[in-house]
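Spelled out, the chains give:
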Amino acid sequence: MILSILQPGDYVGFTFFIGSMAMMAATVFFFFEMGNVHGKWRTSLLISGLITFIAAVHYYYMRDFWIATGTSPTELRYIDWILTVPLMCVEFYLILRSFGAKIGLLWKMIFYSVWMLVTGYLGETVFRDSSAMWGAISTLGYLGIFYEVWFGSAKKLANNSNDPILQKAFNTLAWFIFVGWAIYPIGYMAIETDGLLSSIIPLEALDIIYNIGDAVNKIGFGLVIYSLAVSSSRKEA
Ligand SMILES: *C/C=C(C)/C=C/C=C(C)/C=C/C1=C(C)CCCC1(C)C
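Each value, and the rule that gives it
- Along each chain, numbering runs from 1 in the same order as the chain's sequence is written.
- It should be noted that, the model being predicted, local features are given only for residues of pLDDT at least 70 and side-chain atom pairs only at 80 or more, the latter also being counted only at that level, while totals for whole chains, interfaces and linings use all residues.
- Note that water and hydrogens are dropped before the side-chain values are worked out from all heavy atoms of the structure.
- For the purposes of this entry, the term helix denotes a DSSP run of H or I that reaches at least four residues, the term strand denotes a run of E that reaches at least two, and both are numbered from the N terminus.
- Residue contacts are counted whenever heavy atoms from the two residues lie within 4.5 Å of one another.
- Nearness is defined per residue: one heavy atom within 4 Å of the molecule or strand is enough.
- Every accessible area reported is derived by Shrake-Rupley at a probe size of 1.4 Å, with residue values counting cover from the shown protein chains alone.
- Only Asp, Glu, Lys and Arg are considered charged in this grouping, and only Ala, Val, Leu, Ile, Met, Phe, Trp, Tyr, Cys and Pro are considered nonpolar; every other residue, Gly among them, is considered polar.
- In this analysis, axes come from line fits to C-alpha atoms, helices being fitted only over the stretch in contact, and the angle between any two N-to-C directions falls in the range 0 to 180 degrees.
- Geometric relationships in this document are graded by angle, where less than 35 degrees denotes roughly parallel, more than 145 denotes roughly antiparallel, 65 to 115 denotes roughly perpendicular, and other angles denote oblique.
- One fewer than the residue count of a helix, multiplied by 1.5 Å, yields its expected span.
- Exposure is judged per residue with a 1.4 Å probe applied to protein chains only, and the accessible area is read against the type maximum: over 50% gives exposed, under 20% gives buried, and values in between give partly exposed.
- Salt bridges are defined as contacts in which a side-chain nitrogen from Lys or Arg sits within 4 Å of a carboxyl oxygen from Asp or Glu.
- Any two of the Phe, Tyr and Trp rings considered here, Trp counted by its six-membered ring, make a pair once their centres fall within 6.5 Å; the pair's planes then place it as stacked at under 30 degrees, edge-to-face at over 60, or tilted in between.

A. Spotlight on the environment of Leu228. Tracing the sequence through the fold places Leu228 in helix 9 (residues 205–236). Residues Leu228 and Ala169, 59 residues apart in the sequence, show an inter-C-alpha distance of 6.1 Å. Apart from residues lying up to four places away in sequence, Leu228 is in contact with Trp41, Ile95, Ile165, Leu166 and Ala169.

B. Summary view of the site of the ligand. The environment of the ligand is made up of 18 residues, and the closest members are Trp81, Met116, Ser138, Tyr184 and Lys218. Here the ligand has 530 Å² of accessible area as a free molecule, and 99% of this is covered by the chains. Of all the secondary structure elements, the ones that give two or more residues to the shell around the ligand are helix 3 (74–97), helix 4 (103–124), helix 5 (131–150), helix 8 (183–188) and helix 9. Sorting elements by how many residues they give to the shell around the ligand places helix 3 first, with five residues. Tallied by class, residues from the shell around the ligand come to 11 nonpolar, five polar and two charged.

C. Geometry of the packing of helix 2 (residues 42–69) against helix 3. Helix 3 packs onto helix 2 with a crossing angle of 170 degrees between their chain directions and a minimal axis gap of 10 Å. Taken as axis vectors, helix 2 and helix 3 run roughly antiparallel relative to one another. Broken down by class, the residue content of the contact of helix 2 with helix 3 amounts to 16 nonpolar, five polar and three charged.

D. The arrangement of unusual backbone geometry in detail. Even without glycine at this site, Asn162 takes up a positive phi of about 55 degrees. By secondary structure assignment, the location of Asn162 is in the loop between helix 6 (153–160) and helix 7 (164–180).

E. Representation of helix 3 in the model. Here helix 3 contains 24 residues, and its C-alpha end-to-end distance of 34 Å stays within 8% of the 34 Å for a straight helix at 1.5 Å per residue. Within helix 3, 18 of the 24 residues are buried, leaving the element largely enclosed by the surrounding structure.

F. Quick peek at the pattern of salt bridges. Tallied over the entire structure, the rule returns six salt bridges. Salt-bridge contacts for Asp80 lead to Lys218; the nearest nitrogen and oxygen are separated by 4.0 Å. Linking Asp80 in helix 3 with Lys218 in helix 9, this pair joins segments that are 138 residues apart in sequence. Overall, Lys218 belongs to the buried group, its relative accessible area being 4%. A salt bridge links Lys108 to Glu148; the shortest N-O distance between them is 3.1 Å.

G. Local environment of the packing of aromatic side chains. Here the structure, examined in full by the defined rule, presents 25 aromatic pairs. Seen from their ring centres, Tyr11 and Phe14 are 5.5 Å apart, and the 85 degrees between their planes marks the pair as edge-to-face. Pair noted here: Tyr11 and Phe14 are both in helix 1 (residues 11–33), with a separation of three residues, about one helical turn. On the basis of relative accessible area, Tyr11 is assigned to the exposed category, the value being 56%.

These figures capture arrangement, not role.
Structural data, given as structure tokens:
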């Protein structure tokens, strides 16, 4: 067993502990609130809770990894993402399903996200010397998702839904993809020893940036789904 002794001034460690607890609390919240929304929203809240649950378990291990080694838990990080990011694509599909979303849209978004994460992992580990190139290849997957929710078929379905509550939530989620997800490539650029941002952001910032990104994108994203479910259930009643 690894003893989790958090040292004074270990700010990266602090964010791992805060992230761990925040993910757990968010999970309890989403699961309990499933009982307070209309039946058709339960699956969406379940998925929100699963996203933070998977993250909570990984944060539990990542936290100890960081304390024990003082290095980035890259493998655990990407295993977490490869499970949770496709689930975020499922959330998009679920909220658009009653407005005609096809399963093909879901597979397309999952493909983009797996592309983005596998190539990002290769750039951070195996091919670190050419991390800039792998970062660029990874960004193509990110742009695919970005295109879908800002201009592509997902956006069109939301536009044609004639449901202002859905449209408002969809737009907020699209902003998460734009601004919230842009946090990650900024963290990634910290790994390049002579990269674009390495002179302004130290390597240790990588985990702080990823931890902030995860809190914003997993808990915040889930809360948008939650408030959509609550407003829509209220209208239904
Ligand atoms: C809960 C975890 C989430 C939402 C993770 C999202 C991760 C990304 C959007 C990562 C994107 C990357 C790039 C666009 C290029 C550089 C490599 C990555 C993988 C950091």
